Amino acid sequence: MLISSGSEIPSPHDDGRPYATPAADHPQIGKLNHVLLVCKDMDATANFYVNILGLRLKATTQQSMGSYQGRAHVADNGVQPPTVNRLYFFETVDGTMITFAELPQNDTLAEHSRVQPNFWPGRWNPARRPSKLDHLGFDVASLDDLEYFRKRLQDHGVAVSQIEDRVRYVKSIYFYDPDQIPLEIATWDYGSEERKGYQ
């Protein structure tokens, strides 16, 4: 739901209590630091996120997270965590990190979106259950930027949806990365005439 400028944000509580506003002198959560995802082939993943989507490769490591600093973990059934070949950190323009762990010996194909399956191109493969992460959505500043990335994906042979009107004034495109992770690029297009008067 979009809120018109000057409107109050609706209460999340039945009794009308408002959202708590943290005091200005308290530490506050800033932007998202990172999301960690898995892939089978880091070279294919790096090509996709750097050469197609334009993210910056910030850092790399080959240290296995399963035995990080000697702290090995074994499940009750004796199963040990997989060996991570490479860990790459990809950075967006605002400094948010998308981290990938390469697991070449594992099935890393992601399940399709369970919440909004009709937006992505191709046949829907229903997820067995809701996942920890349904999909990852990136932001661009304008509809022109959204159209640029749609054409760029098409030029690189990536199946991508048409531009969808998600909710009022929000437009998005939908596609998959090499491990079938459902991705979205969206814009609020704050500069457009139809967007004026809304926050």
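Look up: the structure comes first, before these words.
The structure displayed is predicted, hence computed values, not measured ones.

Participant: In this structure, what is going on with the environment of Leu-103? I would like to understand it.
Facilitator: In this structure, Leu-103 sits in the loop between β4 (97-102) and β5 (136-139). When the C-alpha positions of Leu-103 and Arg-86 are compared, they lie 8.1 Å apart, and in sequence the two are 17 residues distant.

Participant: What is the right way to read the sheet that holds strand β2 (residues 56-61) from this model?
Facilitator: What holds strands together in a sheet is hydrogen bonding between their backbones, with the strands either parallel or antiparallel. Spatial ordering of the open sheet is given by β1-β4-β3-β2, a layout of 4 strands whose pairing is mixed. On the outer flanks of this sheet lie β1 (34-39) and β2, each paired with one strand and no other. On average, each strand axis in the sheet is tilted by 25° relative to the strand beside it, whichever way the strands run. Pairing of β2 with strand β3 (residues 87-91) involves 5 bridges; the strand directions are antiparallel. For Leu-57, the partnering residue across the bridge sits in β3 and is Phe-90.

Participant: Which parts of the structure should I look at to understand the nonpolar core?
Facilitator: Nonpolar side chains in soluble globular proteins tend to be buried together. Among the nonpolar cores identified, the biggest contains 27 residues, and Leu-53 and Phe-175 are the most heavily contacted of them. Listing elements by their share of this core, those giving two or more residues are β1, α1 (42-52), β3, β4, β5, α2 (143-155), β7 (170-176) and β8 (182-187). The greatest single-element share of this core, amounting to 5 residues, is contributed by α1.

Participant: Would you take a moment to explain the packing of aromatic side chains for this structure?
Facilitator: Remark: the centre distance and the inter-plane angle together describe each pair of aromatic rings, the angle taken between the planes. What the rule picks out here adds up to 10 aromatic pairs. Summarising the aromatic geometry, the rings of Tyr-49 and Phe-100 are spaced 5.0 Å apart at their centres and angled 45° between planes, so their arrangement reads as tilted. Pair noted here: Tyr-49 is in helix α1 and Phe-100 is in strand β4, with a separation of 51 residues, a long-range link. Note on accessibility: Tyr-49 and Phe-100 belong to one class, buried. Among the aromatic residues, those joined into a ring-pair cluster are Phe-48, Tyr-49, Tyr-88, Phe-90, Phe-100 and Phe-175.

Participant: Can you walk me through unusual backbone geometry in this structure?
Facilitator: Even without being a glycine, Gln-180 presents a positive backbone phi close to 65°. Structurally, Gln-180 is set in the loop between β7 and β8. Overall, Gln-180 belongs to the partly exposed group, its relative accessible area being 29%.

Participant: Any chance you could explain α2 here in plain terms?
Facilitator: Residues that lie three or four places apart on an α-helix share one face, since the helix turns once every 3.6 residues. Counted at 1.5 Å a residue, the expected span for α2 with its 13 residues is 18 Å, and the 18 Å between its end C-alpha atoms agrees. On its buried face, α2 sits against α1, β7 and β8.

Participant: I would appreciate a short explanation of α1 in the present structure.
Facilitator: Of the positions making up α1, those classed as buried are Met-42, Thr-45, Ala-46, Phe-48, Tyr-49 and Ile-52. The opening residue of α1, the one whose side-chain oxygen lies 3.0 Å from the backbone nitrogen of Asp-43, is Asp-41. In the stretch just after α1, Gly-54 is the one whose phi turns positive, near 85°.

Participant: How should I be thinking about the pattern of salt bridges in this particular structure?
Facilitator: Considering all chains together, one arrives at 5 salt bridges under this definition. Measuring nitrogen to oxygen at the nearest pair gives 3.2 Å for the salt bridge that ties Asp-43 to Arg-86. Here Asp-43 is found in helix α1, whereas its partner Arg-86 is found in the loop between β2 and β3, with 43 residues between them in sequence. Lys-171 is paired through a salt bridge with Asp-165; the nearest N and O atoms lie 3.6 Å apart. Judged by its relative accessible area of 16%, Lys-171 is buried.

The rules behind the values
- Residues numbered from 1 in each chain as written.
- Predicted model: local features only at pLDDT ≥ 70, side-chain atom pairs only at ≥ 80, totals over all residues.
- Heavy atoms only, no water.
- Helix = DSSP H or I, 4+ residues; strand = E, 2+ residues; numbered from the N terminus.
- Pairing = 2+ DSSP bridges.
- Axes fitted to C-alpha atoms, helices over the stretch in contact; angles between N-to-C directions.
- Core = buried A, V, L, I, M, F, W, Y, C linked by side-chain atoms within 4.5 Å.
- Buried < 20%, exposed > 50% of the residue type's maximum accessible area, 1.4 Å probe, protein only.
- Phe/Tyr/Trp six-rings, centres within 6.5 Å; stacked < 30°, edge-to-face > 60°.
- Expected span 1.5 Å × (residues − 1).
- Contact = heavy atoms within 4.5 Å.
- Polar contact = N/O pair within 3.5 Å; in protein donor to acceptor, adjacent residues only side chain to side chain.
- Salt bridge = Lys/Arg side-chain N within 4 Å of Asp/Glu carboxyl O.

It is worth stressing that arrangement in space is one thing and function is another; only the former is reported here.
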